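Here is how the chains run, residue by residue.
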Amino acid sequence: MKIDVILEAGLPADRIEALGQLAERYGIQTLWVASFPSRRDPIPALALLSRCTTKIRLGTLPMSPWEVHPLRIADQLLTLNELSGGRATILIGGLGHSVTRVTGLEPVRRVTAVRDTLRILKGLRPDAMLHYEGELYTLKNYQAEWVTQPPPRVYAGATFHKMMRMAAGVADGTMMSDVPLQRMPEVKGWASEGLARSGRQRADFRMNNFMAWHVKADRAAAVAEARRELIWRGLLMTWFTELFLDPADAAMVEEKRPAFLQAFLQRSSRIEGVPEPVIEKLVENMTLTGDLRDIDRIAGHLRALEAAGLDEVALRLHDDPEEGLRLIGERLMPALA
């Protein structure tokens, strides 16, 4: 299994540079930098990082055609890919809640919009003009003849049936969100549908899973961080929680999402109105949380996901990303090996 790490949005460029060099020394496949509203744009920082690394892939996520037209996404992606010697990676998504909250944008036909963008990005060639006319997005008379590097990797943010089936037919891979082990046969089946319809092989499509890494030397700090971030674990949808909560508790968690969001916004581990046993089950089942004693358990869980069909895992770092990266590089990766 390949290991990626995801940094939070808005870190200063010099810190991303230091973390990226450390990640490369540990053998991390891809360093992803999140892109969210009112935070520093990740592309300039990744461009700087490209000059002092040689192997690690450099990715940004998520990008959507509602924020940036596929024309500009293509220009940015190809430019970073040239600077990095063919190591650029991007994830195209269907517009997240953080952007809709601040822009008021209401995306329609998400699968179609993401498909158009993926097809445009996968159709870029230096030796041929691209003429793509999609249902929502069009790019004609486009040829970046200056490109010299191998194509960048293009992922889709796809977890559920329609988006997964589409992504498997077009993208280099998918990054799912918090998919539990019990759901892997289901999502793998959706991907297989898309691959069969497009005549692609399983080896053509990488399956990655975004997972929250809350492992620290201080177990109490790790648990507090995990509780604070719970709102983003599959947005606490019942598709995830019904696997380990009874129906009444799963429905209650979905109803209480505003309380989980408030905990995140206030950077608090206290979640009003939700019983402690329920919160403990959420942390246990939807996050990778613990201290050094939990590394072997977490490695075993990741090996089980790999056996179920996962090719890559993207571990989201939070507070003190340096500590998180060191624990991944020095403890988790040897345990996996």
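Heads up: the structure comes first, above all this text.
Keep in mind that this is a model prediction, so the values were computed, not measured.

### A closer look at the overall build of the chain
Secondary structure summary: the chain contains 14 helices and eleven strands in total. Expected size for 337 residues packed as a compact globule is a radius of gyration near 20 Å; at 20 Å, the chain falls within 12% of this value. Along the three orthogonal principal directions, the C-alpha set of the chain runs to about 60 × 40 × 40 Å. When the 337 residues of the chain are sorted by exposure, 53% land in the buried category.

### A short note on the layout of surface pockets
When its volume is computed, the second largest pocket comes out at roughly 290 Å³. Around the second largest pocket, the lining is made up of 16 residues, and of these Glu284, Asn285, Met286, Thr287 and His301 lie nearest the centre. Within the residue set of the lining of the second largest pocket, elements represented by two or more residues are α12 (276-286) and α13 (295-307). Split by residue class, the lining of the second largest pocket holds nine nonpolar, four polar and three charged.

### Here we look at helix α3 (residues 70-83)
When the terminal C-alpha atoms of α3 are compared, their 20 Å separation across 14 residues agrees well with the 20 Å that a helix rising 1.5 Å per residue should span. Of the residues making up α3, those classed as buried are Pro70, Ile73, Ala74, Leu77, Leu78, Leu80 and Asn81. Viewed along the axis of α3, the buried residues span an arc of 160 degrees, placing them on a single side of the element. Summarising the contacts, the buried residues of α3 are in contact with α2 (42-50), β3 (57-63), β4 (88-92), α5 (110-122), β6 (138-142) and β7 (153-156). Positive phi appears at glycine 85, one or two residues downstream of α3, with a value of about 70 degrees.

### Some points on the packing of α3 against α5
One can describe the packing of α3 onto α5 by two numbers: an axis separation of 10 Å at closest approach and a directional angle of 40 degrees. Taken together, the axis directions place α3 and α5 in an arrangement best described as oblique. You can see that α3 and α5 cross each other, and the crossing is right-handed. Facing Pro70, Ile73, Ala74 and Leu77 of α3, the residues of α5 in contact are Thr117, Ile120 and Leu121.

### Considering the side chain of glutamate 312
Structurally, glutamate 312 can be placed in strand β11 (residues 312-316). Overall, glutamate 312 belongs to the buried group, its relative accessible area being 2%. One polar contact links glutamate 312 to asparagine 208, side chain to side chain, over a distance of 2.9 Å. Setting aside its immediate chain neighbours within four residues, glutamate 312 contacts Met1, Lys2, Asp4, Gln29, Arg153, Tyr155, Arg206, Met207, Asn208 and Asn209.

### A look at the side chain of histidine 318
Looking at the element boundaries, histidine 318 is found in the loop between β11 and α14 (321-336). A distance of 3.2 Å separates the side chain of histidine 318 from the backbone oxygen of arginine 316, its partner in a polar contact. Ignoring sequence-local partners within four residues, the contact set of histidine 318 consists of Glu8, Ala212, Trp213, His214, Glu225, Arg228 and Glu229.

### Side note on the pairing of strand β8 (residues 173-177)
A regular strand carries its side chains on alternate faces of the sheet. For β8, a buried count of four out of five residues is recorded, marking the element as mostly surrounded by other parts of the structure. Pairing geometry for β7 and β8, over two bridges, is parallel. Following the sheet pairing, tyrosine 155 is matched in β8 by glycine 173. Taking the sense of rotation as the criterion, the β-α-β connection linking β7, helix α6 (residues 161-170) and β8 turns out right-handed. Alignment of β8 against strand β9 (residues 206-215), held across five bridges, turns out to be parallel. Bridge pairing in β9 links methionine 176 to asparagine 209.

Cut-offs applied
- The written sequence of each chain sets the order in which its residues are numbered from 1.
- This being a predicted model, a pLDDT of at least 70 is required before a residue's local features are given, and a value of 80 or more before pairs of side-chain atoms are given or counted; all residues contribute to the totals for chains, interfaces and linings.
- With hydrogens and water set aside, each side-chain value is computed from the structure's full complement of heavy atoms.
- Counting from the N terminus, the helices are the DSSP runs of H or I reaching at least four residues and the strands are the DSSP runs of E reaching at least two.
- Radius of gyration here uses only the C-alpha atoms, and the compact-globule reference equals 2.2 Å multiplied by the residue count raised to the power 0.38.
- Think of it in three bands: with a 1.4 Å probe and only protein chains considered, a residue is buried below 20% of the maximum accessible area for its type, exposed above 50%, and partly exposed in between.
- A 1.4 Å probe that fits but cannot get out identifies a cavity on a 1 Å grid over protein atoms alone, an open set with protein on both sides within 12 Å along at least five of seven lines counts as a pocket, and a residue lines either if it has an atom within 4 Å of a point.
- Grid points are joined across faces, edges and corners, and a volume is the space filled by probe spheres set on the points.
- Three classes are used: nonpolar for Ala, Val, Leu, Ile, Met, Phe, Trp, Tyr, Cys and Pro, charged for Asp, Glu, Lys and Arg, and polar for all others, with Gly counted as polar.
- Expected span, for any helix, means 1.5 Å times one less than how many residues it has.
- The arc in question is the one spanned by the directions pointing from the helix axis to the C-beta atoms.
- Contacts were defined at the residue level, with two residues in contact if any of their heavy atoms lie within 4.5 Å.
- Simply put, an axis is a line fit to the C-alpha atoms, just over the touching stretch for a helix, and the angle between two N-to-C directions goes from 0 to 180 degrees.
- Oblique is the label for every angle not falling under 35 degrees (roughly parallel), over 145 degrees (roughly antiparallel), or within 65 to 115 degrees (roughly perpendicular).
- Crossings are classed by handedness, with left-handed meaning an anticlockwise turn of the near helix from the far one by less than a right angle and right-handed meaning a clockwise turn.
- Pairs of N or O atoms are called polar contacts if they sit within 3.5 Å, as long as, within protein, a hydrogen donor faces a hydrogen acceptor (for residues adjacent in sequence, only side-chain-to-side-chain pairs).
- Paired strands are those between which DSSP finds at least two bridges.
- Orient the strands so they point away from the viewer; a crossover is then right-handed if the path from the first strand over the helix to the second runs clockwise.

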